[in-house]
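Observations on the model geometry
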Amino acid sequence: MHELGVVFHVIDQIEELAEENKLTEVSTVTLQLGEVSAVIPEYLVDCWNWAVKKHEIMKECKLNIEKIHAVTYCEDCKETYATVEHGKTCPHCGSEHTYLVTGNEFLIKEIEAC
Ligand SMILES: [Zn+2]
């Protein structure tokens with residue numbers, strides 16, 4: 001499962017951060033997740049709740065997910081539009097010369113210690 005790999009990766013990073021900052025317990029982690037980042041938030045939370053129990057400093061750690069709206073830019077008409085509704089084709093002019101501006105993020109925004 002893709003989400004599980006993602007969760008392990010995040011936990012590794014947080015454990016490193018916790019060690020550097022001498023934290024003994026991490027209570028909340030906030031992730032920023034783009035709308036089209038190929039990670040399904042519901043699966044991510046399930047994997048998270050299972051995986052954190054195996055890590056002493058994160059046993060009670062909650063996961064907050066901030067979704068980032070996906071926006072695509074059209075090079076032909078210089079407009080932006082919502083990616084989820086329209087995909088790769090610009091709804092303003094029908095061009096396919098478009099690229100994703102935001103929406104593919106997967107970032108640890110902040111961690112909170114007790
Ligand atoms: Zn366009």
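Our structure is the block above this text.
Summarised in this report is the structure supplied together with it. Keep in mind that what you see is a predicted model, and the values were worked out from it rather than measured.

Looking at the overall build of the protein chain
Helix and strand content of the protein chain: 3 helices and 6 strands. Listing the helices and strands of the protein chain from first to last along the sequence gives α-β-α-β-β-β-α-β-β. Here the protein chain has a C-alpha radius of gyration of 18 Å; the compact-globule value for 114 residues is 13 Å, and the former is much larger. C-alpha extents for the protein chain along the principal axes are approximately 55 × 25 × 15 Å. Burial analysis of the protein chain (114 residues in total) assigns 36% to the buried set. Within the protein chain, counting contacts between residues at least 6 apart in sequence, those at least 24 apart form 69% of the total. Surface exposure of the protein chain reaches about 7,100 Å², of which carbon and sulfur atoms provide 50%.

As for a negative patch on the surface
Together, D12, E16, E19 and E20 give the surface a local cluster of negative charge. Counting through the fold element by element, E20 comes out in helix 1 (residues 2–20). With relative accessibility at 60%, the residue E20 sits in the exposed group.

Remarks on a nonpolar patch on the surface
Judged by side-chain polarity, V36, V84 and L100 come together as a nonpolar surface patch covering roughly 210 Å² of accessible area. You can see V36 is positioned in the loop between strand 1 (26–34) and helix 2 (41–51). V36 gets classed as partly exposed once you look at its relative accessible area, which sits at 33%.

Observations regarding the environment of E60
Along the polypeptide, E60 turns up in the loop between helix 2 and strand 2 (62–68). Through-space distance from the C-alpha of E60 to that of E25 is 8.4 Å; in sequence the pair is 35 residues apart. Beyond its immediate stretch of four places on either side in the chain, E60 contacts E25 and S27.

Examining helix 1
Over its 19 residues, helix 1 extends 28 Å from the first C-alpha to the last, a length consistent with the 27 Å expected when each residue adds 1.5 Å. Those residues of helix 1 not exposed but buried are E3, V6, V7, V10, I11, I14 and A18. Burial along helix 1 is one-sided: seen end-on, the buried residues are contained in an arc of 135 degrees. Turned more than 90 degrees off the buried face of helix 1, the exposed positions are E16, E19 and E20. Buried residues along helix 1 sit in contact with strand 1, helix 2 and strand 6 (106–113).

Some remarks on the coordination of the zinc ion
Distances from the zinc ion to its protein donors, C74 (SG), C77 (SG), C90 (SG) and C93 (SG), fall at 2.2 to 2.3 Å. Read in sequence order, the donor residues for the zinc ion give the motif C-x2-C-x12-C-x2-C. On the criterion of sequence distance, the pair formed by C74 in strand 3 (residues 71–74) and C93 in the loop between helix 3 (83–86) and strand 5 (98–102) is long-range, its members being 19 residues apart. By relative accessible area, which is 0% here, C74 ends up buried.

Thresholds, definitions, all that
- All residue numbers here refer to positions counted from 1 along the written sequence of the relevant chain.
- Only residues with pLDDT of at least 70 get local features here, since the model is predicted, and only at 80 or more are side-chain atom pairs given and counted; chain-wide, interface and lining totals rely on the full set of residues.
- Based on all heavy atoms of the structure, the side-chain values leave hydrogens and waters out of the count.
- Strands are runs of DSSP state E lasting at least 2 residues, helices are runs of H or I lasting at least 4, and numbering of each runs from the N terminus.
- What the globule rule says is 2.2 Å times the number of residues to the power 0.38, and the radius of gyration is computed from C-alpha atoms.
- Throughout this description, buried means an accessible area under 20% of the type-specific maximum (1.4 Å probe, protein chains only), exposed means over 50%, and partly exposed covers the range between.
- Any pair of residues with heavy atoms lying within 4.5 Å of one another is described as a contacting pair.
- Per-residue accessibility takes into account occlusion by the displayed protein chains alone, with areas from the Shrake-Rupley method and a 1.4 Å probe.
- Each patch is built from residues lacking any salt bridge and having more than 30% relative accessible area; the joining distance is 9 Å for like charges and 5 Å for nonpolar side chains (Val, Leu, Ile, Met, Phe, Trp, Tyr).
- The salt bridge criterion pairs a side-chain nitrogen of Lys or Arg with a carboxyl oxygen of Asp or Glu, the two atoms within 4 Å.
- A residue counts as positive if it is Lys or Arg and as negative if it is Asp or Glu; His and the chain ends are not included.
- Taken as the charge location is NZ of Lys, CZ of Arg, CG of Asp or CD of Glu.
- Here a helix's expected span is defined as the number of its residues, less one, multiplied by 1.5 Å.
- Think of it as the arc spanned by the lines of direction from the helix axis to the C-beta atoms.
- Here a donor is an N, O or S atom found within 2.8 Å of the metal, or within 3.2 Å if the metal is Na, K or Ca; sites may look incomplete because water is not among the atoms.

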